[in-house]
Amino acid sequence: MSDELEALVAEAKSAMSQAANLRELDGVRVAFLGKQGRLSTLMKGLGALPPEERKQRGAALNEARASIDLSLDQAHGVLATADLNARLLAEKQDMSLPARPIPAGSIHPINRTIEELTAIFGAMGFSAVAGPDIESDWYNFGALNIPDHHPARQDQDTFYLPGTGADGRPLVLRTQTSPLQVRTMLGQEPPIRIIAPGRTYRADHDATHSPMFHQVEGLVIDRGITLGHLKGCLTDFLRAFFGISTLPVRFRSSYFPFTEPSMEVDIGWNRKTGELGAGGDWLEILGSGMVHPRVLANCGIDAREWQGFAFGMGIERITMLKHGIADLRPFYEGDIRWLAHYASSPLTPASLHEGV
Ligand code: DAH
């Protein structure tokens, strides 16, 4: 390397050793190696030299450059460490500060009830199924032994939709989860043991009715199923769900087109205080019955071999009773003050109560 280049390298190294921080060091790099830097300018002059000289000068310039690069790396390492140490000294972590609160979501009471009843029926060997909110009126009514012009169709304030289903029948928003009985029987061989929680729709709106609400359907089909199975299953469920092992349960004969015989189920409560399980009054809570042979036939099931029971109940209703919620409307309003009170923590699992 020529004296002139050695001097340049020495000058660069001295400038580096004086750099107090990384920013100043970068200034040195730019001054020597940047596009307009001192060494880069010398490199540009190479082209004007005769070939022999150009080769020697080129090698010398490269050597100078490598030497400056190496020193830059070393200086960078030293300054970066110093920089980090200074920052660590200056920044103080106060370990006694409380953690910032993380806003936690919560589980809506309707979803929590669905989780709970799925856990209870799950423990009895039921699986949960789902189906479409839009049904043809065959699934919602016809297959369930509710023919056209049957009064039950008017009872249910059905929302009819434009167009027809794949079967050519009018489309409705399902008014009940009972079409899941039909879909399940058509889709799988007995024995069957399912529940079907989901949204249902009726054109009705006041403090105790919402146009959209939730039901859960239940269906058991097997050989030799009797009313005794229905009564035992629903009694166990209601006692487990409400967490009252002595909850009085009454089966009262009733009428549904899709069951024969049909029964409404009441639980004991105190009408004045709203307390469940005591008080001598009765509160209707669900509908049930032995699946009508005509419904079995509509679904291709031989009623001489297979019998079963079905039930259906309103999810809002059992949730309101369990938690003492008086008004239906806040369920759908998303008011976080109401949710803070009635919704539950996602960290608490849906538990099985005594009685199962
Ligand atoms: N689908 C009926 C309703 O919405 C409830 C019901 C009653 C369901 C009896 C059933 C049943 O499966 O067996 O009012």
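The preceding data block contains the structure.
Everything numeric in this text was worked out from a predicted model, so none of it was measured. (Residues numbered from 1 in each chain as written. Predicted model: local features only at pLDDT ≥ 70, side-chain atom pairs only at ≥ 80, totals over all residues. Heavy atoms only, no water.)

**Q** Please provide a residue-by-residue account of the overall build of the chain, values included.
**A** Of regular secondary structure, the chain possesses 12 helices and 10 strands. If you line up the chain on its principal axes, its C-alpha atoms span 115 × 55 × 40 Å. Taken over 356 residues, the chain has a buried fraction of 41%. Pairs at least 24 apart in sequence give 64% of the contacts found in the chain among residues at least 6 apart. Of the roughly 19,300 Å² of accessible surface on the chain, a fraction of 55% belongs to carbon and sulfur atoms. (Helix = DSSP H or I, 4+ residues; strand = E, 2+ residues; numbered from the N terminus. Buried < 20%, exposed > 50% of the residue type's maximum accessible area, 1.4 Å probe, protein only. Contact = heavy atoms within 4.5 Å. Areas by Shrake-Rupley, 256 points an atom, 1.4 Å probe, with all protein chains shown as cover.)

**Q** Give me the environment of His229: which residues, what numbers.
**A** If you trace the backbone, His229 turns up in helix α9 (residues 227-242). Owing to a relative accessible area of 39%, His229 belongs among the partly exposed residues under this scheme. For the pair His229 and Arg38, spaced 191 residues apart in the sequence, the C-alpha separation amounts to 96 Å. Every residue in contact with His229, bar those within four places of it in the chain, is listed here: Gly224 and Phe309. Within the structure, the side chain of His229 is placed 2.9 Å from the backbone nitrogen of Thr226, a separation counted as a polar contact. (Polar contact = N/O pair within 3.5 Å; in protein donor to acceptor, adjacent residues only side chain to side chain.)

**Q** So what's going on with helix α4 (residues 51-90)? Which residues, and what values?
**A** The terminal C-alpha atoms of α4 lie 57 Å apart, and with 40 residues this matches the ideal 58 Å at 1.5 Å per residue to within 8%. Looking only at α4, the buried set comprises Gly58, Ala60, Leu61, Ala64, Ser67, Ile68, Ser71, Leu72, Ala75 and Leu79. Where the residues of α4 are buried, they touch α1 (3-18), α2 (22-33) and α3 (38-44). (Expected span 1.5 Å × (residues − 1).)

**Q** Requested: an account of the pattern of salt bridges, with residues and values cited.
**A** If you walk through the whole model with that rule in mind, you get 17 salt bridges. Across the pair Glu4 and Arg57 runs a salt bridge whose closest N-O atoms are separated by 3.2 Å. Taken together, the residues span a long stretch of sequence, with Glu4 in helix α1 and Arg57 in helix α4 at a distance of 53 residues. Here Glu115 ties to Arg112 by a salt bridge, and the two come within 3.1 Å at their closest N and O atoms. In this pair, Glu115 and Arg112 are both assigned in helix α5 (residues 109-123), 3 residues apart and thus about one turn of the helix distant. Its relative accessible area of 34% is what places Glu115 among the partly exposed residues. For Arg112, a relative accessible area of 8% puts it in the buried group. What you see here is one network of salt bridges that share partners, running through Arg250, Arg252, Glu264 and Asp266. (Salt bridge = Lys/Arg side-chain N within 4 Å of Asp/Glu carboxyl O.)

**Q** Describe the site of the ligand, naming the residues involved and giving the relevant values.
**A** Contacts to the ligand come from 15 residues, most closely from Gln176, Gln181, Arg202, Gln215 and Glu217. In the environment of the ligand, a nitrogen atom lies 3.0 Å from a nitrogen or oxygen atom belonging to the side chain of Ser178. One of the backbone nitrogen or oxygen atoms of Ala310 is found 3.2 Å away from an oxygen atom of the ligand. In the complex, 90% of the free accessible area of the ligand, which totals 360 Å², lies under the protein chains. For the shell around the ligand, the secondary-structure elements that each account for two or more residues are β6 (212-222), β9 (281-291) and β10 (307-314). (Near = heavy atom within 4 Å.)

**Q** Can you tell me about the packing of aromatic side chains, naming the residues and giving the values?
**A** Following the criterion strictly, the structure yields 10 aromatic pairs and no others. Centroid distance Phe121 to Phe311: 5.3 Å. Interplanar angle 25°. Geometry classified as stacked. With Phe121 in helix α5 and Phe311 in strand β10, this pair connects stretches of sequence that are 190 residues apart. Between the aromatic rings of Phe241 and Phe242, the centroid separation amounts to 5.0 Å while the plane-to-plane angle is 80°, which identifies the pairing as edge-to-face. For Phe242, a relative accessible area of 9% gives the class buried. Feature note: the residues Phe121, Phe126, Phe237, Phe241, Phe242, Phe309 and Phe311 constitute an aromatic cluster, connected by ring pairs. The ring of Tyr139 has Arg183 lying over it, and the distance from NZ or CZ to the ring centre is 4.3 Å. Taking the ring centre of Phe241 as reference, the NZ or CZ of Lys322 above it sits at 4.3 Å. (Phe/Tyr/Trp six-rings, centres within 6.5 Å; stacked < 30°, edge-to-face > 60°. Lys NZ or Arg CZ within 6 Å of the ring centre and 35° of its normal.)

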